[in-house]
Amino acid sequence: MTQEKFIEQVSTMAKFLKTNCEDNHSGAPKKDINLRLSYKGEDLNFNVSTTLCKECEELFYYSHERLGECPHEIKPSCRKCPHPCYEKSRWKQMAKIMRYSGMKLGLTKLKKLFRLAS
Ligand SMILES: [Zn+2]
C-alpha cells in the first residue's frame, strides 16, 4: 500500500482503539501514546497520538507492525485477504473493537446529521 494509505490505516486504528478503550476499559489506567510511524523501514515523519490502556497499547503497536508488513500493493479487506497479517486471536480482538467503534462513531455521525436536519 502507499505511505498515505498506511498513515490513514494507522490513524483510523488509533481512533477506533481509543473509542473502545474509553468505553470498555474505563477502569484501566491510561497512557498518552505518541507513535512515530515507519513503513517498510522508512521513517514517515508522521506521528499518531492517542490515549490507551496497556492492553490496547500493545494491540496498537502490534497493528502498526503488522500493517507495515502487509505485502499487498492495494490492501484487500483483511477478512478476504489470502495472507492475513494478524494472528487469529488478535484478529478476533481487533474485529470486535472495529465493530464496536465503527458502530458508535457511525451513530454519532448520524445523530449529528439528524440534529442539523431538525
Ligand atoms: Zn483499553
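Remember, predicted model here, so these are calculated numbers, not experimental data.

Rules and cut-offs
- Residues numbered from 1 in each chain as written.
- Predicted model: local features only at pLDDT ≥ 70, side-chain atom pairs only at ≥ 80, totals over all residues.
- Heavy atoms only, no water.
- Helix = DSSP H or I, 4+ residues; strand = E, 2+ residues; numbered from the N terminus.
- Buried < 20%, exposed > 50% of the residue type's maximum accessible area, 1.4 Å probe, protein only.
- Areas by Shrake-Rupley, 256 points an atom, 1.4 Å probe, with all protein chains shown as cover.
- Pairing = 2+ DSSP bridges.
- Donors = N, O, S within 2.8 Å, 3.2 Å for Na, K, Ca; no water.
- Tetrahedral: all angles 85-135°; square planar, octahedral: opposite > 155°, others 65-115°.
- Salt bridge = Lys/Arg side-chain N within 4 Å of Asp/Glu carboxyl O.

## Points about the overall build of the protein
Counting its secondary structure elements, the protein contains three helices and two strands. The buried share of the protein, taken over its 118 residues, is 34%. Element-wise, carbon and sulfur atoms account for 55% of the exposed surface of the protein, whose accessible area totals about 8000 Å².

## Topic: the pairing of strand 2 (residues 42-53)
Across nine bridges, strand 1 (residues 30-39) lies against strand 2 in antiparallel orientation. Across the sheet, residue Asp32 finds its bridge partner in strand 2, namely Thr51. A loop of two residues connects strand 1 with strand 2, the two strands running antiparallel in sequence, and Lys40 in this loop sits at a positive phi of about 50°.

## A few points about the coordination of the zinc ion
Of the protein atoms, only Cys21 (SG), His25 (ND1), Cys53 (SG) and Cys56 (SG) coordinate the zinc ion, at distances of 2.0 to 2.3 Å. Taken together, the four donor atoms coordinating the zinc ion span angles of 100 to 119° at the metal, a pattern that classifies the geometry as tetrahedral. Each donor residue of the zinc ion lies on one chain, and together they are spaced C-x3-H-x27-C-x2-C. With a gap of 31 residues between them, His25 in the loop between helix 1 (3-24) and strand 1 and Cys56 in helix 2 (residues 54-68) connect regions that are remote in the sequence. In terms of burial, His25 and Cys56 fall into one category: buried.

## Some thoughts on the pattern of salt bridges
One side chain can pair with another of opposite charge once the charged atoms of both are near each other. Applying the stated criterion across every chain, the model contains seven salt bridges. Among the salt bridges present, the one from Glu8 reaches Lys5, with a minimum N-O distance of 3.5 Å. Highlighted residues: Glu8 and Lys5, both in helix 1, separated by three residues, approximately one helical turn. Classification of Glu8 by relative accessible area gives partly exposed; the value is 45%. The closest approach of N and O atoms between Arg66 and Glu69, which form a salt bridge, is 3.5 Å. On the accessibility criterion, Arg66 (24% relative accessible area) is partly exposed. A network of salt bridges, in which partner residues are shared, links Lys31, Lys54 and Glu57.

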